[in-house]
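Chain residues, written in single-letter form:
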Amino acid sequence: MRSLQRRPLLVAAAAVVMLAACGKKEETPAAASSPGAASGPAAGASAPLQVAFAYVGPVGDGGWTFAHDNARKAVEKEFGDRIKTSFVEKVPEGADAERVFRDLVQQGNTLVFGTTFGYMESMLKVAADSPTVKFEHATGYKQAANMRTYDSRTYEGAYLAGVLAGAMTKTNALGVVGSIPIPEVIRNINSFTLGARSMNPKVTVKVVWVNEWFNPPQETNAAQTLINAGADVLMQNTDSSAVLQTAEKNGKYAFGWDSDMSSYGPKAHLASAVVNWAPYYSASIKAALDGTWAAGTGKHSWWGVKEGAIDLVSINTVVPAEVRARVEKVKAGLKDGSFVIWKGPLLGQDGKEVLAKDQVADDRFLQGVKFYVQGVEGQVPTGK
């Protein structure tokens, strides 16, 4: 999830993205951009549904926002001239988001997606003033009569990555570059650890927090710190390819996150834990078109491997066949419900039981995770 806040291009383009990332939150959001894939309706036909997307990062981030924009392009292709899409990139998580949402409404958009947690309060305000417009907020937890929330079970991808990491580490020390210390990210760190320890109980996981979603220089520094501390396999919950590129330069392994990042560090890249937003966006737009779209209190969707929203892709050929087989077995179990990641007995970092034997964590439990499981070093940052 880019839960509680919030993402390959050619290598040359990646350098441009990284240079542009500094000071992103101070930039004025670009004007709404309509790529023009969906042309206007023919004379006499119904007007197309205008669908807008607000992105926290640049569409070229190679990760979170890149994944959302790929899904936008997919629904454009699917629905053709029945819809017209536009997007605004690099919208800060703050007061400026409200201005952007109001502008999107004024432009005639009647279905608006906000793709990061920090848009929640701004979207609620605009939704209250625009009762005929449908709003969707990614990773949030507040709904309204015309606003609902949606998310992806990124922790499933983190667990699958952990299976590979636990099998491939030689130092038994893994590292994670964390973004914002919220339940979504803490849950991903824990799930990565659980996956790793399912293959290698000796594994420990170190975490360095950068307190931003997209800041390539800080992500690079954090990755180097973890490598210097002995970590030989890195995961991230940040939006750029900087962690993978740092691992490549140091001869270590790492994972892509949110999108397939294999081109950024072919030797270092073990696999990418990706999010496919297209199934959800397709279902939402279809519902808006046929009049079945509904919102209100408790209207929240959380999709994972089962729904085709989460996967682990582009697994490196260095990964042994038996480890690949284990990944596929877990995927199949997540899809048919026979495998559960968060199931007791499970102990927290302090040794206290957080899930009793055979107890399965429900979504409410998962959405409130604020502790580390055994195997994670350090303390969860406070104040979030």
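Above: the structure in question.
So, here's what we can say about the structure. (Residues numbered from 1 in each chain as written. Predicted model: local features only at pLDDT ≥ 70, side-chain atom pairs only at ≥ 80, totals over all residues. Heavy atoms only, no water.)

## Observations regarding the packing of helix 3 (residues 95-106) against helix 4 (residues 120-129)
Basically, it comes down to this: For every element, the axis is a line fit to its C-alpha atoms; helices are fit only across the contacting stretch, and the angle between N-to-C directions ranges from 0 to 180 degrees. Strands are runs of DSSP state E lasting at least two residues, helices are runs of H or I lasting at least four, and both sets are numbered from the N terminus onward. Each crossing is labelled by how the near helix is turned from the far one, with a counterclockwise turn of less than a right angle marking it left-handed and a clockwise turn marking it right-handed. Two residues qualify as a contact provided that any one of their heavy atoms is within 4.5 Å of a heavy atom in the partner residue. All residues other than Ala, Val, Leu, Ile, Met, Phe, Trp, Tyr, Cys, Pro, Asp, Glu, Lys and Arg, Gly among them, are scored as polar; the first ten of these are nonpolar and the last four charged.
With their axes 8 Å apart at the nearest point, helix 3 and helix 4 run at an angle of 35 degrees to one another. Judged by the twist between their axes, the crossing of helix 3 over helix 4 is right-handed. Together, Ala97, Glu98, Phe101, Arg102 and Val105 of helix 3 and Ser122, Met123, Lys125, Val126 and Asp129 of helix 4 make up the contact between the two elements. Taken together, the residues of the contact of helix 3 with helix 4 break down into 5 nonpolar, 1 polar and 4 charged.

## Notes on the pattern of salt bridges
Where we set the bar: When a carboxyl oxygen of Asp or Glu lies within 4 Å of a side-chain nitrogen of Lys or Arg, that pair is called a salt bridge. Each residue is placed in one exposure class: buried if its accessible area under a 1.4 Å probe, protein chains only, is under 20% of its type's maximum, exposed if it is over 50%, and partly exposed if it falls in between.
Inspection of every chain in the model, using the stated rule, returns 15 salt bridges. Salt-bridge contacts for Arg148 lead to Glu136; the nearest nitrogen and oxygen are separated by 2.9 Å. Linking Arg148 in strand 5 (residues 147-152) with Glu136 in strand 4 (residues 134-138), this pair joins segments that are 12 residues apart in sequence. As far as the burial class goes, Arg148 and Glu136 line up, both buried. In this structure, a network of salt bridges that share partners links the residues Asp69, Arg72, Lys73 and Glu76.

## As for the packing of aromatic side chains
Going by this rule: Note on aromatic contacts: the rings of Phe and Tyr and the six-membered ring of Trp form a pair at centre separations within 6.5 Å, being stacked when their planes are under 30 degrees apart, edge-to-face when over 60 apart, and tilted otherwise.
As enumerated under the stated definition, the model contains 21 aromatic pairs in all. A ring pair is formed by Phe53 and Tyr55, whose centres lie 6.3 Å apart and whose planes are at 40 degrees; its orientation type is tilted. Across the pair, Tyr55 and Phe53 agree in class, each one buried. An aromatic cluster of three or more residues is present, and its members are Phe53, Tyr55, Trp64, Phe87, Phe113, Tyr150, Trp277, Tyr280, Tyr281 and Trp303.

## Section: unusual backbone geometry
Cis geometry is adopted by the peptide bond preceding Pro345, which originates at Gly344 and carries an omega value of 10 degrees. Phi is positive for Asp258, close to 75 degrees, though the residue is something other than glycine. Mapping Asp258 onto the fold places it in strand 9 (residues 253-258). A positive phi angle, near 70 degrees, is found at Asp358, a position not held by glycine. Position of Asp358 relative to the elements: it lies in the loop between strand 14 (353-355) and helix 11 (363-366).

## Points about the nonpolar core
When a protein is soluble and globular, its nonpolar side chains tend to lie buried together. What counts, and what does not: Residues belong to one nonpolar core when they are buried, are Ala, Val, Leu, Ile, Met, Phe, Trp, Tyr or Cys, and are joined through side-chain atoms within 4.5 Å.
Judged by nonpolar contacts, the single largest core of 95 residues is most densely connected at Phe101, Leu164, Phe192, Phe255, Tyr281, Leu312 and Trp342. A per-element tally of this core places helix 5 (residues 154-168) first, with 9 residues. Excluding residues within four positions of it along the chain, Leu164 makes contact with Phe255, Leu270, Ala271, Leu312, Ile315, Val319, Val323 and Val327.

## Here we look at helix 3
For clarity, the threshold we go by: Given the number of residues in a helix, its expected span is that number minus one, multiplied by 1.5 Å. Relevant arc is that of directions from the helix axis to the C-beta atoms, nothing else.
The first and last C-alpha atoms of helix 3 sit 18 Å apart over 12 residues, in line with the 16 Å expected at 1.5 Å per residue. For helix 3, every residue scored as buried is listed here: Ala97, Val100, Phe101 and Leu104. Summarising the axial view, the buried residues of helix 3 lie within an arc of 100 degrees, below the 170-degree limit, and thus occupy one face. Facing away from the buried side of helix 3 by over 90 degrees, the exposed positions are Ala95 and Gln106. Contacts from the buried residues of helix 3 go to strand 1 (49-54), strand 2 (83-88), strand 3 (111-114) and helix 4. Downstream of helix 3 by one or two residues, Gly108 has phi in the positive range, about 100 degrees.

## Thoughts on helix 5
Here helix 5 spans 21 Å end to end across 15 residues, near enough to the 21 Å set by a 1.5 Å rise per residue. With 14 of its 15 residues buried, helix 5 lies for the most part within the structure.

## Digging into the sheet that holds strand 6 (residues 173-178)
Remark on secondary structure: sheet strands pair via backbone hydrogen bonds, oriented parallel or antiparallel. To keep it simple, the criterion reads: Strands are labelled as partners when DSSP assigns at least two bridges between them.
As summarised here, the arrangement of the 6 strands in space is 7-6-8-9-10-12, forming an open sheet in which the pairing is mixed. The sheet is open, and its two edges are formed by strand 7 (204-209) and strand 12 (310-313), each paired on a single side. In this sheet, neighbouring strand axes are inclined to one another by 20 degrees on average, regardless of whether the strands run parallel or antiparallel. The sheet contact formed by strand 6 and strand 7 spans 6 bridges and is parallel. Residue pairing in the sheet places Val177 in a bridge with Val208 of strand 7.

## So, the sheet that holds strand 4
With respect to topology, 6 strands assemble into an open sheet ordered 2-1-3-4-5-11, the strand pairing being parallel. A strand with exactly one partner marks an edge of an open sheet, and here the two such strands are strand 2 and strand 11 (300-303). Across the sheet, the mean angle from the axis of one strand to that of its neighbour is 20 degrees, orientation sign disregarded.

## Some details on the packing of helix 5 against helix 6 (residues 183-199)
Direction vectors running N to C along helix 5 and helix 6 enclose 35 degrees, while the axes themselves pass 6 Å from each other. Crossing of helix 5 against helix 6: the hand is right-handed. Across from Thr154, Tyr155, Ala158, Tyr159, Ala161, Gly162, Val163, Ala165, Gly166 and Ala167 in helix 5, the residues of helix 6 making contact are Glu184, Arg187, Asn188, Ser191, Phe192, Leu194, Gly195, Ala196, Ser198 and Met199. Looking at the contact of helix 5 with helix 6 residue by residue, the class counts come to 11 nonpolar, 7 polar and 2 charged.

Don't take any of this as a statement about function, it's just geometry.
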